[in-house]
Amino acid sequence: MPDPNGFLRYDRRLPARRPVPVRISDWREVYPPAGEELIREQATRCMDCGIPFCHDGCPLGNRIPDWNDLVRTGNWDAAVESLHATNNFPEFTGRLCPAPCEAACVLGIGGGQPVTIKQVEVEIADAAVARGGLRPRPVPAPTGRSVAVIGSGPAGLAAAQQLARAGHAVTVYERDDAIGGLLRYGIPDFKLEKQHIDRRLAQLAAEGVQFRTGVDVGVDVTAEQLRAEHDAVLLACGALQGRDTPETPGRQLRGVHQAMTHLVAANRAVAEAAAGRPGVAAGGAGRPAFAVLPDGTPIDAAGKHVVIIGGGDTAADCLGVAHRQGAAGVHQLDLYPEPPQTRDAARDPWPTWPWVLRTYPAHEEGGERVFAVAVQEFVDDGTGQVKGVRIAEVSVEKRDGRRIVTPLPGSERELPADLVLLAIGFEGTEQQPLLEQFGVRRNARGAVDARPDWQTDADGVFVAGDMHRGASLIVWAIAEGRAAAAAIHSYLGGVGELPAPVDPARQPLAAR
C-alpha cells in the first residue's frame with residue numbers, strides 16, 4: 001500500500017542541473033543522477049489514486065503508481081520489470097518525453113505539484129543498466145516468418161523488439177550510416193547521450209534483430225525486393241519534411257537553414273569527435289570540429305549572431321547547440337504571445353495538456369526569447385549572405401480554421417543574424433520513392449493513413465509512429481510501434497497476442 005501522506009510530507013523536487021558554465025563547455029547530459037534518497041522520496045509522493053489519470057495521460061499505459069511504490073519500498077528489480085512491461089525504452093522517454101502523464105497527475109489539480117514521474121522513470125531505467133545491464137530476451141522457437149522495418153527511430157525499434165521477441169525474423173533498414181533515427185542525429189547529446197542508444201541496440205541485436213544501415217529503401221532496395229524477402233513490411237520513416245517559409249523575402253540567402261539540418265550537422269560533429277575522428281577543423285578546446293553540411297558548407301554557430309524561429313522543442317535544442325558552439329548571441333522568436341506560467345483551467349482543464357510557458361535548460365544558458373513577432377524579411381548583406389532579420393509584432397487569430405497573422409504597424413525592427421534556423425514544425429513524412437513503389441499515398445497532412453489493423457492501402461504494408469501520426473512525442477512513437485507490432489504478429493498468424501496500447505485513431509487527452 002502506498003504512503004497516503006507522502007505528498008504532504010515531501011515537496012516536488014528535481015536533481016540540480018549541472019552548472020551552466022560547466023555544461024555549455026561540453027555535450028554531456030544536463031541532469032546528473034538524482035540519487036536514491038531523492039528519488040525514493042519523490043516516488044513516495046504518489047498516492048496510487050483510485051483512478052490513476054496518469055495512465056490516460058500516457059499512451060503507453062505505463063503502470064506508474066505500481067513502479068512508484070516499488071521504488072518507494074526499495075524493490076528496484078521489480079520496478080525495472082514493471083516499467084519494461086509497457087515501455088521498451090524508458091531511458092529514452094525518461095529523458096525526452098515532456099511527460100503528459102505529469103500533466104494528468106491528480107496532485108496537479110488546482111495548481112498543485114504533480115509527482116516527478118519522468119524523473120522516477122529515468123532512474124529506474126538507469127538502475128536496470130547498473131543492476132546487471134539490459135539483458136536480452138532471445139526467443140526460444142523462431143516462427144519462420146520475416147518482417148522488414150523501414151526506419152530505426154523509436155517506433156521502428158519498438159516494433160522490431162516486440163516482433164523479435166515473438167519469434168519473427170526482423171531486419172531494420174536505415175538510410176543513414178547509424179541506427180537510431182532522430183534519436184541518433186536529431187537529439188543533441190546534452191539531452192540524450194548516445195551510449196543509451198548503443199546499449200539498447202546491443203540488446204536488440206542479441207535478441208536477433210538484424211540492422212542494415214546506409215540502405216535507402218526505394219533506391220538501394222526496391223519495394224518489390226522487400227516483399228520477396230519478407231512476409232510483412234512496417235513503414236516507420238518519421239515525419240522529417242520541415243515546414244518552410246518560401247514566401248518570406250530573402251529566404252534563399254546563404255545562412256538560412258532548416259533547424260533539423262543544423263542539429264544533424266552538429267550531432268555528426270559531436271559523434272565524429274567522440275569516435276576520435278576530428279572532422280574538418282579543430283573547433284577549439286572542449287568542443288568538437290565545426291559543424292558542416294555534407295557539401296562542406298559551414299553551419300556552425302561559433303561567433304555568429306543566431307536567430308531561431310520557433311518556440312518548441314526543436315527550437316530549444318537549437319538554442320542549446322548554439323550555446324555550446326559558441327554563438328555570439330541568440331534570439332528565439334515565437335509567433336504567439338508569451339504563455340501563462342500556470343494552467344488556464346478554462347482553456348485547458350485538468351487532466352489535458354496545458355498551454356503554459358515551458359522553460360527548457362537551454363533558456364537558462366543564455367539567449368533572448370521574443371514573443372508575438374514574425375519575420376518580414378531576411379536581410380541581404382549585399383553578397384547573398386543573410387546579415388539580419390526584419391521582424392514585426394503581430395497578432396494571431398483563427399478564422400474558419402485558418403490562422404490569420406496581422407503585423408502591428410510601426411513595430412518593425414531588425415535583429416542581427418549570421419545564421420537563421422527555421423524550427424517552425426514539420427509537414428509530414430517526406431515524399432520518397434518507396435511510397436510510390438509500395439502504392440502508398442500521403443494524406444493532406446503529409447502523413448500515411450492506417451486502417452484499424454495498422455495496414456496502409458497496400459496489403460501487408462503497415463505504418464506507425466510519426467509517419468502515421470505526424471510529428472509527435474516519443475512516447476506516442478513507441479506506443480504506435482508496439483501496437484503495429486501486435487497487428488503484424490496477428491497478420492502473420494502468430495500464437496497469442498502482443499500488447500497493443502493504442503489504435504490508429506487514438507488521440508491525446510483533450511477537452512471536448
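Residues numbered from 1 in each chain as written. Predicted model: local features only at pLDDT ≥ 70, side-chain atom pairs only at ≥ 80, totals over all residues. Heavy atoms only, no water.

**A few points about empty space enclosed by the protein**
Under the definition given, this model contains three cavities of 30 Å³ or more. For the largest cavity, the calculated volume is near 110 Å³. Elements with a contribution of two residues or more to the lining of the largest cavity: helix H4 (53-57) and helix H5 (64-72). Among the elements that take part in the lining of the largest cavity, H5 stands out by supplying three residues, more than any other. (1 Å grid on protein atoms, 1.4 Å probe; cavity = no way out; pocket = protein on both sides within 12 Å on 5 of 7 lines; lining within 4 Å. Points joined across faces, edges and corners; volume = space filled by probe spheres on them. Helix = DSSP H or I, 4+ residues; strand = E, 2+ residues; numbered from the N terminus.)

**Examining the pattern of salt bridges**
The final tally for this structure, using the stated rule, is 33 salt bridges. For aspartate 348, the salt bridge identified is with arginine 347, shortest N-O distance 3.3 Å. For aspartate 348, a relative accessible area of 12% gives the class buried. (Salt bridge = Lys/Arg side-chain N within 4 Å of Asp/Glu carboxyl O. Buried < 20%, exposed > 50% of the residue type's maximum accessible area, 1.4 Å probe, protein only.)

**As for the packing of helix H10 (residues 154-165) against helix H18 (residues 474-491)**
The interhelical angle for the contact between H10 and H18, taken along N-to-C directions, is 35 degrees, at an axis separation of 7 Å. Crossing hand, H10 versus H18: right-handed. Here Pro154, Ala155, Ala158, Ala159, Gln162 and Leu163 of H10 come into contact with H18, specifically with Ile474, Ala477, Ile478, Gly481, Arg482, Ala485, Ile488 and His489. (Axes fitted to C-alpha atoms, helices over the stretch in contact; angles between N-to-C directions. Left-handed = near helix turned anticlockwise from the far one by under 90°. Contact = heavy atoms within 4.5 Å.)

**Considering the layout of surface pockets**
Empty space left among the atoms is revealed by rolling a probe the size of a water molecule over them. Taken as a whole, the second largest pocket spans an internal volume of roughly 230 Å³. Breaking the lining of the second largest pocket down by element, the ones donating at least two residues are helix H6 (76-84), helix H9 (117-130), H10 and helix H12 (195-206). Considered class by class, the residues forming the lining of the second largest pocket number four nonpolar, six polar and seven charged. (Nonpolar A, V, L, I, M, F, W, Y, C, P; charged D, E, K, R; others polar.)

**As for the environment of aspartate 348**
Along the chain, the position of aspartate 348 falls in the loop between strand E7 (329-334) and strand E8 (368-371). A sequence separation of 162 residues divides aspartate 348 from alanine 510, and the C-alpha atoms of the two residues are 8.0 Å apart. Not counting residues up to four positions away in its chain, the partners in contact with aspartate 348 are Arg343, Trp353, Pro354 and Trp355. A polar side-chain atom of aspartate 348 sits 3.3 Å from a polar atom in the side chain of arginine 347. (Polar contact = N/O pair within 3.5 Å; in protein donor to acceptor, adjacent residues only side chain to side chain.)

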